[in-house]
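The residues making up each chain are set out below.
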Amino acid sequence: MENEIDSLKDVRDNLSEQIDPVIDVLLHAKGKLIFMGVGKSGLIGRKLAATFSSTGTPSFFIHATESVHGDLGMIEKNDVVILISNSGETKEILAPLKSLNIIGVTTIAFTGNETSSLAKACDYKVIIHVDNEADKLNLAPTNSSTAVLVVGDAIACTLSETKQFTRDDFAIFHPGGALGKKLLS
């Protein structure tokens, strides 16, 4: 756990100037927010789409592989697409870029590699670099996936606060379960 905490501190200390333009783009977006990824990055993208949606920023996830097999049809010109890849070289995440440019969306890279093909191809980039992973082999997406999750959550919370999203608004999107019961009582 300490390894991941240390990685998060490093990410936090190197992020500030990249976040403001991304928040501005998301605040002024006329369309939806779409997350794309594969593997562990895809799982993080699914969670982030759910968090953004529940805190007042309509969004959803599209698996990058499925995107090039027809799911790009869910995306429209005014949308913003966040593509997640630690290496920024995953072929499945690079594959939809040409079509996304033709559609005319705004693209944002969440990547650990500033010089990657993904970072270079996107309109905006958030470099979420970690020096190593938490496992002894330095291979399993641990520090890197946690860092993307934390950065995404921070952006979602910032947008929600800036939009003055209230407890009552939150209750509308969470009518079920223990949270809904707590909010609606």
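Structure: see above.
A brief structural summary.

This next bit is on the overall build of the protein. The helix and strand tally for the protein stands at 10 helices and five strands. Relative to the 2.2 N^0.38 estimate, which gives 16 Å for 185 residues, the radius of gyration of the protein is 16 Å and therefore close to what a compact globule would have. By its C-alpha atoms, the protein is 50 × 45 × 30 Å across when sized along the principal axes. In the protein, the proportion of contacts linking residues at least 24 apart, taken out of those at least 6 apart, comes to 69%.

Positive phi outside glycine occurs at Asn138, with the angle close to 60°. On the secondary structure map, Asn138 appears in the loop between strand E5 (124-127) and helix H8 (143-162). Accessibility expressed as a relative area gives 40% for Asn138, which makes it partly exposed. Phi angles above zero are rare outside glycine, and Gln164 is one such case at about 60°. Position of Gln164 relative to the elements: it lies in the loop between H8 and helix H9 (167-173).

Before going further, it helps to examine the sheet that holds strand E3 (residues 80-84). Strand order in the open sheet formed by five strands is E2-E1-E3-E4-E5, with parallel pairing between adjacent strands. The sheet is open, and its two borders are formed by strand E2 (59-63) and E5, each paired with just one other strand. In this sheet, adjacent strand axes meet at a mean angle of 20° when their direction is disregarded. Where strand E4 (residues 106-111) lies against E5, four bridges are found, and the strand directions are parallel. Of the residues in E5, the one forming a bridge with Thr111 is Ile127. Helix-sheet contacts for helix H2 (residues 16-28) involve strand E1 (33-37), E3, E4 and E5, and the interaxial angle to E5 is about 135°.

For the rest of this paragraph, the subject is the environment of Ala119. Mapped onto the fold, Ala119 is located in helix H7 (residues 117-121). Note on Ala119: relative accessible area 6%, which makes it buried. With 36 residues separating them in the primary sequence, Ala119 and Leu83 have C-alpha atoms 9.5 Å apart. Setting aside residues no more than four positions away along its own chain, Ala119 makes contact with Ala109, Thr111, Asn113, Glu114, Lys125 and Ile127.

Basis of the calculations
Residues numbered from 1 in each chain as written. Predicted model: local features only at pLDDT ≥ 70, side-chain atom pairs only at ≥ 80, totals over all residues. Heavy atoms only, no water. Helix = DSSP H or I, 4+ residues; strand = E, 2+ residues; numbered from the N terminus. Rg over C-alpha atoms; globule rule 2.2 N^0.38 Å. Contact = heavy atoms within 4.5 Å. Buried < 20%, exposed > 50% of the residue type's maximum accessible area, 1.4 Å probe, protein only. Pairing = 2+ DSSP bridges. Axes fitted to C-alpha atoms, helices over the stretch in contact; angles between N-to-C directions.

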